[in-house]
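What the coordinates show
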Amino acid sequence: MADTILQRLAKGDLLVSDGATGSYLQQHGLEDGDPEEWNVSHPDVVRGMAKAYFDAGSDMVLTNTFGGTSLRQNHYGFADRAAEFNRLGAELARSQAPDGCFVVGSVGPTGEVLNDPLRDNPLTEERAYDAFAEQIVALADGGVDAVNIETMIDINEAIIAVRAAKENTNLVVMSTMFFDKGPRGFFTMMGTQPANAVSKLQEAGADIVGANCGNGIDVMIELARELRAATDGYLLIHSNAGIPSPIGGEIVYPESPEYMAERFRVMAHDVGVNILGGCCGTTPEHIRALIDALGR
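Position numbers for residues count from 1 along each chain, tracking the sequence in the order it is written. With the structure being a predicted model, the display of local features is reserved for residues of pLDDT at least 70 and the display and counting of side-chain atom pairs for 80 or more, all residues being used for whole-chain, interface and lining totals. Only hydrogens and water are set aside when side-chain values are computed; all heavy atoms of the structure are taken into account.

Details of empty space enclosed by the protein
Whether a set of points on the 1 Å grid over the protein atoms alone is a cavity depends on a 1.4 Å probe fitting there but being unable to get out, while an open set qualifies as a pocket with protein on both sides within 12 Å along at least five of seven lines; lining residues are those with an atom within 4 Å of a point. Grid points are joined across faces, edges and corners, and a volume is the space filled by probe spheres set on the points. What the rule picks out here adds up to 1 cavity of 30 Å³ or more. Taken as a whole, the largest cavity encloses approximately 40 Å³ of empty space. V46, M49, A50, V61, L62, T63, N64, G89, L92 and A93 are the residues that line the largest cavity. Runs of E in the DSSP output that reach at least two residues are strands. Runs of H or I that reach at least four are helices, and both are numbered from the N terminus. For the lining of the largest cavity, the elements supplying multiple residues, two or more each, are α4 (43-56), β2 (60-62) and α6 (82-94). As a working rule, the residues Ala, Val, Leu, Ile, Met, Phe, Trp, Tyr, Cys and Pro are called nonpolar, Asp, Glu, Lys and Arg charged, and the rest polar, with Gly in that last group. Looking at the lining of the largest cavity residue by residue, the class counts come to 7 nonpolar, 3 polar and no charged.

Spelled out as structure tokens, the structure:
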């Protein structure tokens, strides 16, 4: 029987994750529609994305379910199909996974502010929990090995999602926050510093913690060092391919596969990050360069 993610990490293995989902789908025709609906309407593209990342050398691939809660799907009129979209997203990625590789359910923010005093019907902790539980159970039904609760800016929302995963499934739970660097250091948009986020996520039950999105890889190295100083537990970093700019009517991410690969190697060997991969703007070519830089 193949080792689990946690067994691989316990052996000291460095795992390589995948690259971007959103920018990949945009390059293959997604415009302003619902990315998760593509699990139904464009399954070949979604399968092809998983295959491209596995072929590039990824040990784990995330599902096309970042906006998969019923709360996010309600914006597209698909709240009642949230479970279907998540199960299909998991099944599509699982169908392409080689033996010994992993499928990780992507779980993003609800898009709403908890207990927002400016709303007539604010999102409560109970409703958020139910939405995350519905999504994560559907991902488990579709065959994922783990979930990654990612790009979170509100530590309280992230904790609710971690609890929903732990209390309703037996999945490995990862959780990564989105930090900005300002004059006083790294903070989430809601004001949480890295060390505090790590402590609270681990206390809630997260098996793996870290950061993703929002920064180019040089800033992510700084952030990774701060996160590593806060914990000796398993650490995950998904870095953007730089900060995007509009060029010739297209959004262009400036960091090349070669540029990122050298810095990924620093995070692996000097910082001690356990899982490395890409976020916005990264491609299968970025993952292939990462694999080469690690000498695999």
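Some remarks on the packing of aromatic side chains
Only the six-membered ring of Trp is used, alongside the rings of Phe and Tyr, when aromatic pairs are assigned; centres must lie within 6.5 Å, and planes under 30 degrees apart are stacked while those over 60 apart are edge-to-face, with the rest tilted. In the structure shown here, the tally under the stated rule is 2 aromatic pairs. An angle of 50° between the planes, with centres 6.2 Å apart, marks the rings of Y24 and Y53 as tilted. You can see Y24 sitting in helix α2 (residues 22-27) and its partner Y53 sitting in helix α4, a full 29 residues away along the chain. Accessibility classification places Y24 together with Y53 in one group, the buried group. Residues F78 and F85 carry aromatic rings whose centres are separated by 5.5 Å and whose planes lie at 75° to one another, so their mutual orientation is edge-to-face. With a 1.4 Å probe rolled over the protein chains alone, any residue whose accessible area is under 20% of its type maximum counts as buried; one over 50% counts as exposed, and the rest are partly exposed.

Observations concerning helix α9 (residues 194-204)
Those residues of α9 that fall on the buried side of the exposure criterion are P194, A197, V198 and L201. Taken around the axis of α9, the buried residues stretch over an arc of 100°, which confines them to a single face. Contacts made by the buried residues of α9 are with α8 (155-168), β5 (172-177), β7 (185-187), β8 (208-212) and α10 (217-230). Looking one or two residues beyond α9, the residue adopting positive phi is G205, at roughly 120°. Here, the arc refers to the directions that run from the helix axis to the C-beta atoms. In what follows, a contact means two residues having at least one pair of non-hydrogen atoms within 4.5 Å.

Brief notes about the sheet that holds strand β12 (residues 275-278)
DSSP calls a pair of strands paired once it identifies at least 2 bridges connecting them. The strand order across the open sheet built from 8 strands is β1-β12-β9-β8-β5-β4-β3-β2, with neighbouring strands paired in parallel fashion. One side of each edge strand has no neighbouring strand; the edge strands of this open sheet are β1 (15-16) and β2. Strand direction decides the pairing type here: strand β9 (residues 234-239) and β12, joined by 4 bridges, are parallel. What sits directly across from I237, in β12, is L276. On the sheet, α10 packs against β8 and β9 and is oriented at approximately 165° with respect to β9. Angles here are taken between N-to-C directions and fall from 0 to 180 degrees, while the axes themselves are lines fitted to C-alpha atoms, restricted in helices to the stretch in contact.

Quick notes on the layout of surface pockets
In this structure, the largest pocket encloses a volume near 870 Å³. What lines the largest pocket is a set of 37 residues, and nearest its centre among them are T21, G22, S23, Q26 and C280. For the lining of the largest pocket, the secondary structure elements donating two or more residues are α2, α5 (70-73), β4 (146-152) and β11 (250-252). Broken down by element, the lining of the largest pocket gets its largest block of residues, 5 residues, from α2. Residues of the lining of the largest pocket, tallied by class, amount to 13 nonpolar, 18 polar and 6 charged.

Some thoughts on the packing of α8 against α9
Between α8 and α9, whose axes approach to 9 Å, the crossing angle comes to 20°. Comparing their axes, α9 and α8 come out roughly parallel. For the crossing formed where α8 meets α9, the hand is right-handed. Only A197, K200, L201 and A204 of α9 make contact with α8, whose side of the interface consists of I155, A158, I159 and V162. Any angle between 65 and 115 degrees counts as roughly perpendicular, while under 35 counts as roughly parallel, over 145 as roughly antiparallel, and the rest as oblique. Here a crossing is called left-handed whenever its near helix is offset anticlockwise from the far helix by less than a right angle, and right-handed whenever the offset is clockwise.

Here's the deal with the nonpolar core
Core analysis: the biggest nonpolar cluster contains 73 residues, and F132, I237 and M267 have the highest contact counts within it. Contact partners of M267, with chain neighbours within four places excluded, come to I217, M220, I221, A224, I237, G272, V273 and L276. Put simply, buried Ala, Val, Leu, Ile, Met, Phe, Trp, Tyr and Cys residues joined by side-chain atoms within 4.5 Å make one nonpolar core. L15, L62, M174 and L236 belong to the second-largest nonpolar core, a separate cluster that totals 13 residues.

That is the geometry; function is a separate question.
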